[in-house]
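# Inside the fold
Here are the chains, one letter per residue:
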Amino acid sequence: MAVFDKFKQLKEDMDAKGWVIEGFDFLYKDVSYIVLVKIYSKTEVKPQYALLKLEIMKEQNMNETLIVPVNSAGFMLDKIGVKRFREFFNIDYAANLGNIIQQFSQYFSQFIPVEVSFKRTAQLKEAIISSLSRSDSEDPNKVYCFAVKRLTEGKRTIFNDNKTRLLRPSLYNKFKDDTKISFCYSDDENRLKSDAEIISSFSKR
């Protein structure tokens, strides 16, 4: 069994459920991390043999971030450098560094979920929503849904889809089958509307 076989299972579940991002918490040497698991989009340059992309952040300083591709065999450290990886996690240098990285990977694998879960900490959920907003070229502070709109071209992005599934599940369920409907967000809490208000406003157009 490959060290990161769980990532294969997780990706299969994400694909089946229409998710492009999942996350989990990770603890190492008394430092808490948030790990975002991302499926490569069609417009991204995907490294050969990569399965998923991880964005790993230190919980106490979300600006300290490491992005590394993975596959079932482990971290693809040739893409970022072993030194950077080791320093990010404060892994001590040793002559048998390969063995130490393998031991770290085995430990890391214990935290990997095999399916999408809605039992997330508030900070993890916030990190996922922020990432979805950035991927959709949106301000991460835009979390207040105030309207839905019908697109004249194309369909709603997977990022807008996933963000609404997290933030407004009941509203999402009203429009989930119509992919021409996109959900509108603001950074102004005063613009926030209830499901009933949004649906009523949309039906009058």
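Residues numbered from 1 in each chain as written. Predicted model: local features only at pLDDT ≥ 70, side-chain atom pairs only at ≥ 80, totals over all residues. Heavy atoms only, no water.

### Let's talk about the nonpolar core
By size, the foremost hydrophobic cluster in this structure holds 45 residues, and its most contacted members are Phe7, Leu54, Phe75, Phe85, Phe89 and Phe108. With sequence-adjacent residues up to four places away left out, Phe7 is seen in contact with Phe24, Val37, Leu51, Leu52, Leu54, Val70, Phe108 and Ile112. With 10 residues, the next largest nonpolar core counts Val148, Phe175, Ile198 and Phe202 among its residues. (Core = buried A, V, L, I, M, F, W, Y, C linked by side-chain atoms within 4.5 Å. Buried < 20%, exposed > 50% of the residue type's maximum accessible area, 1.4 Å probe, protein only. Contact = heavy atoms within 4.5 Å.)

### Digging into the packing of aromatic side chains
Applying the stated criterion to the full structure yields 28 aromatic pairs. Ring geometry for Tyr28 against Phe104: centres 4.8 Å apart, planes inclined by 90 degrees, an arrangement best described as edge-to-face. Taken together, the residues Tyr28 in strand 1 (residues 21-28) and Phe104 in helix 3 (residues 97-109) connect sequence positions 76 residues apart. The pair formed by Tyr28 and Phe104 is uniform in burial state, with each residue classed as buried. Positioned over the ring face of Phe118 is Arg120, at 5.2 Å from the centre of the ring. (Phe/Tyr/Trp six-rings, centres within 6.5 Å; stacked < 30°, edge-to-face > 60°. Helix = DSSP H or I, 4+ residues; strand = E, 2+ residues; numbered from the N terminus. Lys NZ or Arg CZ within 6 Å of the ring centre and 35° of its normal.)

### A closer look at the sheet that holds strand 2 (residues 31-38)
The antiparallel open sheet is built from 5 strands, whose spatial order is 1-2-3-4-5. Each edge of the sheet is formed by a strand with only one pairing partner; in this case those strands are strand 1 and strand 5 (74-75). Where strand 1 and strand 2 come together, 8 bridges link them in antiparallel fashion. Bridging from a neighbouring strand, Glu22 pairs with Val37 of strand 2. Most of the contacts of helix 1 (residues 5-17) go to strand 1, to which it runs at about 150 degrees, and overall it touches strand 1, strand 2, strand 3 (52-58) and strand 4 (61-71). (Pairing = 2+ DSSP bridges. Axes fitted to C-alpha atoms, helices over the stretch in contact; angles between N-to-C directions.)

### Digging into the side chain of Ser105
Its location among the elements puts Ser105 in helix 3. Those residues in contact with Ser105, other than ones at most four positions away along the chain, are Val3, Phe4 and Phe75.

### As for the pairing of strand 4
In the sheet, strand 3 pairs with strand 4 via 7 bridges, with the strands oriented antiparallel. Each residue of the ladder has a partner; that of Ile56, found in strand 4, is Leu66. In sequence, strand 3 turns back onto strand 4 through a hairpin of 2 residues. Between strand 4 and strand 5, which pair antiparallel and follow one another directly, the connecting turn spans 2 residues.

### Considerations on the pairing of strand 7 (residues 181-186)
Burial runs high along strand 7: 6 of the 6 residues are buried. Residues of strand 7 alternate between two faces, with Ile181, Phe183 and Tyr185 on one and Ser182, Cys184 and Ser186 on the opposite face, all of them buried. Bridge analysis of strand 6 (residues 144-150) against strand 7 gives 6 bridges, and the strand direction is antiparallel. Directly across from Tyr144, in strand 7, lies its bridge partner Ser186.

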